[in-house]
Amino acid sequence: MAISREISGIDDGFYKPADTFFAAQSDLALTYDDVTLATLYSEILPRDTQLDTVLADGLCLNIPVISADMDTVTESRMAIAMALNGALGLLHYNMPEKQQLSEVSRVKNHVHGLIQEPIKVSPEQLIGDVLKMVEERKFEFRTFPVVEESGKLLGLLPGHVVKQRYAKRKVIESLTPRDQVHTISKKEISKDPIARADRFFTDHPGIHKLLVVDEDDRLHGLFTMSDVERITQEKKAQFKPARDAKFRLVCGAAVSATRNMFGELDRERIVTHVGALVERGVDVIAVSTAHGFSKGVGETVKMIREAFPKLPIIAGNVTSAAGVDFLAEAGANAIKVGQGPGSICTTRVVAGVGIPQLTALYVTSRAAEARRVSIIADGGITKSGDIVKALTLSHAVICGGIFAGCPEAPGQIMEINGKLYKQYRGMGSLAAMKAGSAARYGHSTTAPAKVAPEGVEALKEATASVDAVLTQLIGGIQSGMGYLGASNLAQLREKARFIRVSHAGIREAGTHDIVEVKTGRAESGQ
């Protein structure tokens, strides 16, 4: 007798697919803890699941997690850490535009195969000038190609001479001459640059840099052995770093619907800044406001789409099907869903608006499917199980509080009563609006003190690194997929079966009736 692997009629009476379940709950808004997912027959081991997701043409992530565009969550350090793990960081816009451009550059130039525009020095520069550049720009390297004004390679300035004792010497006096510098022709790397560079470093022990030149001996680029080794090792990893076509880490940047002194959209400023971000290599732009279903946001998205037809655009936030239709029509590829679910957000209390997250995701996901755009669940995520539930209806999640305590998040660590904390604040908090985010909530940037804040300032206990946090989250997501027999995210959305949970059921789901013993500190040597 064959063992049945189908959903039985008994199960079907209790555990409902999304359309049936949410239709039956149409008079009640639900969030993550209000429901649980039913387990299904599985032949899938968690370690074999695939978590890659496509948010737009040209924007594919290996992990469906995005760090929030908040000024206490994502700057370049966070974005780098996210991308190295296969995810995406959205740089916030509570900073001068020039600084945001620099943050993008730090991410895009972090670790990649061929450095196409390596930092170089001229033969007449003093070593002292090179030292000053290293200190001002915080370079972690001290070896530089030496080129003429025409771009022709003259040699290599080795790091061991870039010292204060040689500050008054000229570069020309201290360089390794051209005939002693290893180079490779641009033509030789056309098919597989990383493989060719890797073979060179294997054949030349002790050489850590490989310069690329054209037929006229002009500098074309630079490989470093550490970069090549890291990229080669990535090929063996289950979750590879998220990289663009040029092997650079992916990076997103948020922009606002900036207005001029007359209250009108500052079209020239917006398009100019987005253009500068694109030149720096940004992979996606996020038009981020609290109320995405509004004229200003729609016009901003449309303006960016007209100026940059192929640029992936994320827009939000909305909680309705009409909001999805509106932003999709304007030109957005992915829609952020969430108004008020964040741990430091008070929009629902202050403004009396917002929809609990799971119901909002269901409603918007149906409109998104018809419009062929992606849905990103933004806010309310406190644990990996929430992410699994969110991904039954969305293509990715945005997390803020989960990453705010990581060392890669902006802000200083402070000690209170023997515990370490980091600052965490909502972008609708008074302090954040004073710093520039008032436009996100539709208020004037000149008098934010006269408005009602829609967020609070808080502290998050310092946590482990982004690598460690994502490892835990990924493990939880994979476990959830294994329980549902889903080998990928598309199958997770298809297979999910929902049922509501009572308050007693919520309590039962967590640890209870025990004295918990923590062993982590002793094992980690803390």
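Structure: above.
Okay, so let's go over this structure.

The rules we used
Residues numbered from 1 in each chain as written. Predicted model: local features only at pLDDT ≥ 70, side-chain atom pairs only at ≥ 80, totals over all residues. Heavy atoms only, no water. Salt bridge = Lys/Arg side-chain N within 4 Å of Asp/Glu carboxyl O. Helix = DSSP H or I, 4+ residues; strand = E, 2+ residues; numbered from the N terminus. Buried < 20%, exposed > 50% of the residue type's maximum accessible area, 1.4 Å probe, protein only. Pairing = 2+ DSSP bridges. Expected span 1.5 Å × (residues − 1). Contact = heavy atoms within 4.5 Å.

1. Digging into the pattern of salt bridges
When the charged atoms of two side chains lie near each other, side chains of opposite charge can form a pair. Evaluated as defined, the whole model comprises 19 salt bridges. Between Arg269 and Glu97 there is a salt bridge, with its nearest N and O atoms 2.8 Å apart. Of this pair, Arg269 sits in helix H9 (residues 267-280) while Glu97 sits in helix H4 (residues 97-108), and the two are 172 residues apart along the sequence. Taking the relative accessible area as the measure of exposure, Arg269 reaches 42% and is therefore partly exposed. We note a salt bridge from Asp378 to Lys336, for which the minimum N-O separation is 3.5 Å. Residue Asp378 is located in strand E16 (residues 374-378), and its partner Lys336 is located in strand E15 (residues 334-337); the two are separated by 42 residues in the primary sequence. Taken individually, Asp378 and Lys336 each receive the classification buried, so the pair is uniform in this respect. A cluster of three or more residues bridged by salt bridges with shared partners is formed by Lys108, Asp244, Arg248 and Asp283.

2. Looking at the pairing of strand E10 (residues 209-213)
In terms of residue burial, E10 counts as a mostly covered element, since 4 of its 5 residues are buried. In this structure, strand E9 (residues 183-185) lies alongside E10, joined through 3 bridges in parallel fashion. Bridge pairing in E10 links Ile184 to Val212. Bridge analysis of E10 against strand E11 (residues 219-224) gives 5 bridges, and the strand direction is antiparallel. Considered in E11, the bridge of Lys209 is made with Thr224. Taken together, E10 and the strand that follows it, E11, pair antiparallel across an intervening segment of 5 residues, in which Asp217 is found at a positive phi of about 65°.

3. Considerations on H4
Two residues of an α-helix separated by three or four positions point the same way, owing to the 3.6 residues in each turn. If you check H4, its first and last C-alpha atoms are 17 Å apart, about what 12 residues at 1.5 Å a residue would give, namely 16 Å. For H4, the set of buried residues is Gln100, Leu101, Glu103, Val104, Ser105, Val107 and Lys108. Summarising the contacts, the buried residues of H4 are in contact with helix H3 (76-84), strand E5 (88-91), strand E12 (252-255) and H9.

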